[in-house]
Amino acid sequence: MPVAIIIGTHGEAARELLKSAEMIIGKQDNVEFITFIPGENTDTLITKYKEKLEKLDTSEGVIFMVDLFGGSPYNASSQVALPEENMDVITGVNIPMLLETLSMRPASKQKDLVEIALTAGTGGVKSLKESLPKIDKEIGEDDL
């Protein structure tokens, strides 16, 4: 079984991120999500994460992909992952990060997937204008 993934976000974003990824690359095994809703706290989320972990095959490791560094989904997942050798938490979850990580799971170990996720997550953030090729315009007589 590939490395387990748990997506955790404020609101329903985690559910929608997984649905979007599966729309593009197909149904994923060994992946769960949690939502953080008003009225819940870190303890509630720790319980949710532990319930999801019971449903997953964690023998190859676990990666928690959360939305915001320092947010409640991060704080709770950090408390679960920190004492475990084969668990890590990555912040800033986005579609490019999720797609690349899910696609590479069958052939990658947990530690390698962490690097893949970090690279894909930052690499997927682009500016339209900055991504266009630069054209050097020669100054001609008409330009003077």
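Analysis parameters
Residues numbered from 1 in each chain as written. Predicted model: local features only at pLDDT ≥ 70, side-chain atom pairs only at ≥ 80, totals over all residues. Heavy atoms only, no water. Phe/Tyr/Trp six-rings, centres within 6.5 Å; stacked < 30°, edge-to-face > 60°. Helix = DSSP H or I, 4+ residues; strand = E, 2+ residues; numbered from the N terminus. Buried < 20%, exposed > 50% of the residue type's maximum accessible area, 1.4 Å probe, protein only. Pairing = 2+ DSSP bridges. Right-handed = clockwise from strand over helix to strand, strands pointing away. Axes fitted to C-alpha atoms, helices over the stretch in contact; angles between N-to-C directions. Contact = heavy atoms within 4.5 Å. Expected span 1.5 Å × (residues − 1). Arc of directions from axis to C-beta. Polar contact = N/O pair within 3.5 Å; in protein donor to acceptor, adjacent residues only side chain to side chain.

1. A few points about the packing of aromatic side chains
Okay, step 1: Taken as a whole and judged by the stated rule, the model has two aromatic pairs.
Okay, step 2: A ring pair is formed by Tyr-49 and Phe-64, whose centres lie 5.1 Å apart and whose planes are at 85 degrees; its orientation type is edge-to-face. With Tyr-49 in helix α2 (residues 42-55) and Phe-64 in strand β3 (residues 62-66), this residue pair connects regions lying 15 residues apart in the sequence.
Okay, step 3: Relative accessible area serves as the criterion here: at 0%, Tyr-49 is assigned to the buried category.
Okay, step 4: Given a relative accessible area of 0%, Phe-64 falls into the buried group.

2. Focus: the pairing of strand β1 (residues 4-10)
Okay, step 1: The element β1 is largely enclosed, with a buried count of six among its seven residues.
Okay, step 2: Relative to β3, β1 is paired through five bridges, and the arrangement is parallel. Directly across from Ile-5, in β3, lies its bridge partner Ile-63.
Okay, step 3: Bridge count between β1 and strand β2 (residues 31-36): six bridges; the pairing is parallel. From the neighbouring strand, Ile-7 faces β2, where its bridge partner is Phe-33.
Okay, step 4: The β-α-β motif built from β1, the intervening helix α1 (residues 13-25) and the parallel element β2 has right-handed crossover chirality.

3. Examining the pairing of β3
Okay, step 1: Taking burial as the measure, the five residues of β3 include five buried ones, the bulk of the element.
Okay, step 2: The alternating pattern of β3 places Val-62, Phe-64 and Val-66 and Ile-63 and Met-65 on opposite faces, both of which are buried.
Okay, step 3: Relative to strand β4 (residues 87-90), β3 runs parallel, the two being bridged by four bridges. Considered in β4, the bridge of Val-62 is made with Met-87.
Okay, step 4: In this fold, β3 hands off to helix α3 (residues 72-81), which returns the chain to β4; that crossover is right-handed.

4. A short note on the sheet that holds β1
Okay, step 1: With parallel pairing, the four strands of this open sheet are ordered in space as β2-β1-β3-β4. The open sheet has two free edges, formed respectively by β2 and β4, since each of these has just one partner strand. Averaged over all pairs of adjacent strands, the angle between strand axes in this sheet comes to 20 degrees, irrespective of strand direction.
Okay, step 2: Here α2 sits on the sheet and contacts β1, β2, β3 and β4; the angle it forms with β2, its principal contact strand, is near 165 degrees.
Okay, step 3: Across the sheet, helix α5 (residues 110-123) is in contact with β3 and β4; its angle to β4 comes to roughly 5 degrees.

5. Comments concerning α2
Working note: α-helix, 3.6 residues per turn, so residues spaced by three or four point in the same direction.
Okay, step 1: Helix length check: α2 (14 residues) gives 20 Å between terminal C-alpha atoms against 20 Å at 1.5 Å per residue, within 8%.
Okay, step 2: Three or more residues of α2 are buried, namely Leu-45, Ile-46, Lys-48, Tyr-49, Lys-52 and Leu-53. Around the axis of α2, the buried residues are gathered within 160 degrees of arc, so they sit on the same side. Pointing more than 90 degrees away from the buried face of α2 are the exposed residues Asp-43, Glu-54 and Lys-55.
Okay, step 3: Of the surrounding elements, those touching the buried residues of α2 are β1, β2, β3, α3 and β4.
Okay, step 4: Here α2 starts with a cap whose side-chain oxygen sits 3.0 Å from the backbone nitrogen of Asp-43, and that cap is Asn-41.

Interpretation in functional terms is not warranted from these geometric data alone.
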